[in-house]
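Read off the chains here:
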Amino acid sequence: MKNTFAILFMLASGVQVYAQYMTATRNSLYAGTDAALINPAFAADQPVFVSVNLFGGDFYANNNAVQSDKANYFNWINGDNLNLSENTSRIGKPYFYNETDLTSLSLNVAKGRVAYGFFTRARYYVDMRNAPAEVISEFVGDYSNQAVPSLVSIKNFETNLQVNSELGFSFAYMYDVHSNYSYTAGANLKFVQTLAHFNSRIKTLEGFGDEFNGYQVTDFQASYTSSYLATPYEGLKSLGGVGLAADIGVMYKQYIDNVDGYYPNDKRSNCAVKPYRFKLGASILDLGLLRQRKEIQRANVTLDDFSNAPNPIDSTGYIGTANPIDFLEGEGLLSTAPFWQMTPTTVSVQADYNFGRHLYAGAVLKMPVLPRGFKGIQPPSVLSINPRYERKNFSFMLPMSLFRFVQPQMGMVIRVRSFYIGTDKVIPFFIRSNIKGVSLFASLKVNLYRNPACPKLDTPQGPKKKQSVRHMGRGHKPSTQKKKEDCHTEEQEIKGDDQNFEKEEIKRDEPTNDLKKDKSDYEK
């Protein structure tokens with residue numbers, strides 16, 4: 001048991017990391033290809049004409065059962081002792097969660113009222129729910145009570161692992177642009193391949209015993225499924241699991257100015273992208289089905305299934321090993337029939353407000369749709385508030401979030417042109433604290449911000465063409481003659497102004513009749 005859960009802990013807490021769906025960057029003005037991943041409608045009406053994603057990595061791990069006491073990330077980098085201890089102040093049942101989200105070559109084109117593109121993506125999940133005290137003691141190294149007989153009661157302890165790769169195509173359309181508002185709808189269609197899948201759920205494990213002598217089990221009910229990509233070099237025949245999924249989203253924008261006849265990034269609107277006062281969006285993500293069909297192992301196991309098996313449980317129900325996952329792999333108890341599985345579906349609501357002077361504040365809510373008893377990955381709930389300062393070549397963001405609605409986190413993101421790097425857990429970089437997870441993400445893109453078919457911004461009609469001399473006739477010197485005429489005209493204007501000025505001065509110096517009369521009266 002110790003080795004098994006130590007490996008799961010490494011996977012779920014510190015080796016792999018994930019960053020809350022990158023809500024701060026995907027909700028920004030210059031999200032580019034990332035915008036469609038949180039709401040497909042966001043891909044349209046961007047101040048980015050063409051966005052090409054070269055690489056993006058989104059890594060995060062979090063838990064509420066174990067913590068590293070009074071440490072920062074640099075202690076871990078230097079190889080210092082993690083000082084792991086149990087988190088006694090946790091809210092809710094113990095869990096460990098990890099997701100790694102990698103994006104490679106992707107494209108988004110936002111021209112006029114249409115946006116389209118494609119993306120490639122890979123995601124890795126580890127989800128451990130309702131971890132019992134026996135599992136937590138394995139992490140923190142507390143073996144003081146394991147040498148003496150003790151009661152064991154485990155309920156609904158579930159471990160999930162899944163690795164998927166995706167090829168998706170995105171489309172968005174602004175179908176109503178009127179007065180000072182617009183409506184946009186969008187969708188992503190994704191082809192999903194499962195590289196690995198594992199689910200183990202111990203519904204009930206009742207008994208007593210100790211770590212060194214084994215456990216006397218009185219009740220045991222569990223289930224187990226797994227599939228994986230067996231031979232990756234045989235083409236499509238080797239796909240471990242395949243399926244389709246979709247993202248669907250809508251967006252409402254209210255602009256500062258009137259938008260009648262508005263076509264962003266298009267010559268019909270001189271390629272202008274008009275600023276909005278606020279935008280609202282809603283989306284459902286990863287709605288689909290996967291069919292697992294390669295290297296299948298499935299089982300629903302009870303204590304009676306092992307009544308005649310010499311290993312790992314003998315006829316008296318005595319466990320010779322402490323790893324409950326081994327119970328599920330007895331010969332003759334497994335099925336190899338393919339099965340269907342739902343993708344980790346979530347719903348999301350987004351909002352963003354423009355305060356002016358390049359200051360914005362966004363909010364994103366994401367919640368899972370699948371019930372807790374569902375076999376498979378269930379992404380955590382996240383509520384994120386994202387204030388930011390954003391210009392074309394620079395952005396600074398301070399995302400604040402509630403992980404599973406109970407764990408507060410503060411992050412920081414810096415974007416320079418089309419490269420950004422950030423974290424949703426910035427405090428452990430600077431201050432010693434009780435660390436319960438790790439976060440880091442980065443992305444590199446090549447963005448074209450303005451449609452080259454449009455005229456330049458400095459002149460409304462575009463750059464003026466120079467008129468060639470050869471088209472003016474032989475012997476004609478337009479530039480010299482024109483300069484002479486301009487100088488002569490300018491001299492005449494200056495002389496006329498001087499003469500008028502002298503007349504006004506002379507007239508101003510002559511005394512008026514009233515002054516003459518006052519002077520004569522004074523002399524008398």
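Structure first, text after, so check above.
We now turn to the structure provided with this report. (Residues numbered from 1 in each chain as written. Predicted model: local features only at pLDDT ≥ 70, side-chain atom pairs only at ≥ 80, totals over all residues. Heavy atoms only, no water.)

### A word on the environment of R293
Alright, step 1. Locating R293 in the fold gives a position in the loop between β11 (276-292) and β12 (297-302).
Alright, step 2. Through-space distance from the C-alpha of R293 to that of W340 is 8.8 Å; in sequence the pair is 47 residues apart. (Helix = DSSP H or I, 4+ residues; strand = E, 2+ residues; numbered from the N terminus.)

### Structural notes on the pattern of salt bridges
Alright, step 1. Inspection of every chain in the model, using the stated rule, returns 17 salt bridges.
Alright, step 2. Ionic pairing is found between E206 and K155, a salt bridge with its closest N-O pair at 3.3 Å. Separated by 51 residues along the polypeptide, E206 in strand β8 (residues 181-210) and K155 in strand β7 (residues 150-178) bring together distant segments of the chain.
Alright, step 3. The class for K155 is partly exposed, based on a relative accessible area of 46%.
Alright, step 4. Between K190 and E166 there is a salt bridge whose closest N-O contact spans 4.0 Å. With a gap of 24 residues between them, K190 in strand β8 and E166 in strand β7 connect regions that are remote in the sequence. The residues K190 and E166 share a single accessibility class, namely buried.
Alright, step 5. Residues joined by salt bridges that share partners form a network here, namely D101, R121, R123, E166, K190, D247 and D286. (Salt bridge = Lys/Arg side-chain N within 4 Å of Asp/Glu carboxyl O. Buried < 20%, exposed > 50% of the residue type's maximum accessible area, 1.4 Å probe, protein only.)

### Looking at the state of the cysteines
Alright, step 1. Per the stated rule, a full pass over the model turns up one disulfide.
Alright, step 2. The disulfide partner of C271 is C454, and the gap between their sulfur atoms is 1.6 Å. One disulfide, between C271 and C454, carries an S-S torsion of 60 degrees and so falls in the right-handed class. Here the residue C271 occupies a position in the loop between β10 (241-255) and β11, and C454 occupies one in the loop between β24 (437-448) and α6 (478-509), the gap between them amounting to 183 residues. For the pair C271 and C454, a shared accessibility class is recorded, and that class is buried. (Disulfide = S-S within 2.5 Å.)

### Some thoughts on the sheet that holds strand β2 (residues 66-71)
Alright, step 1. The strand order across the open sheet built from three strands is β3-β2-β23, with neighbouring strands paired in antiparallel fashion. Two strands close off the open sheet at either side, each with one partner strand: β3 (84-86) and β23 (433-435). Strand-to-strand twist across the sheet, computed as the mean angle between neighbouring axes with direction ignored, equals 40 degrees.
Alright, step 2. As paired elements, β2 and β3 share three bridges and run antiparallel to each other. The partner of V66 across the bridge, within β3, is E86.
Alright, step 3. Together, β2 and β3 form the strand contacts of helix α4 (residues 133-140), whose direction differs from that of β3 by roughly 155 degrees. (Pairing = 2+ DSSP bridges. Axes fitted to C-alpha atoms, helices over the stretch in contact; angles between N-to-C directions. Contact = heavy atoms within 4.5 Å.)

### Quick notes on the environment of I414
Alright, step 1. Inspection of the secondary structure assignment puts I414 in strand β21 (residues 412-416).
Alright, step 2. On a C-alpha basis, the gap between I414 and F394 in space is 7.5 Å, while along the polypeptide they are 20 residues apart.
Alright, step 3. Not counting the four nearest positions on each side in its chain, I414 is found in contact with F394, S395, F396, F419, Y420 and I421.

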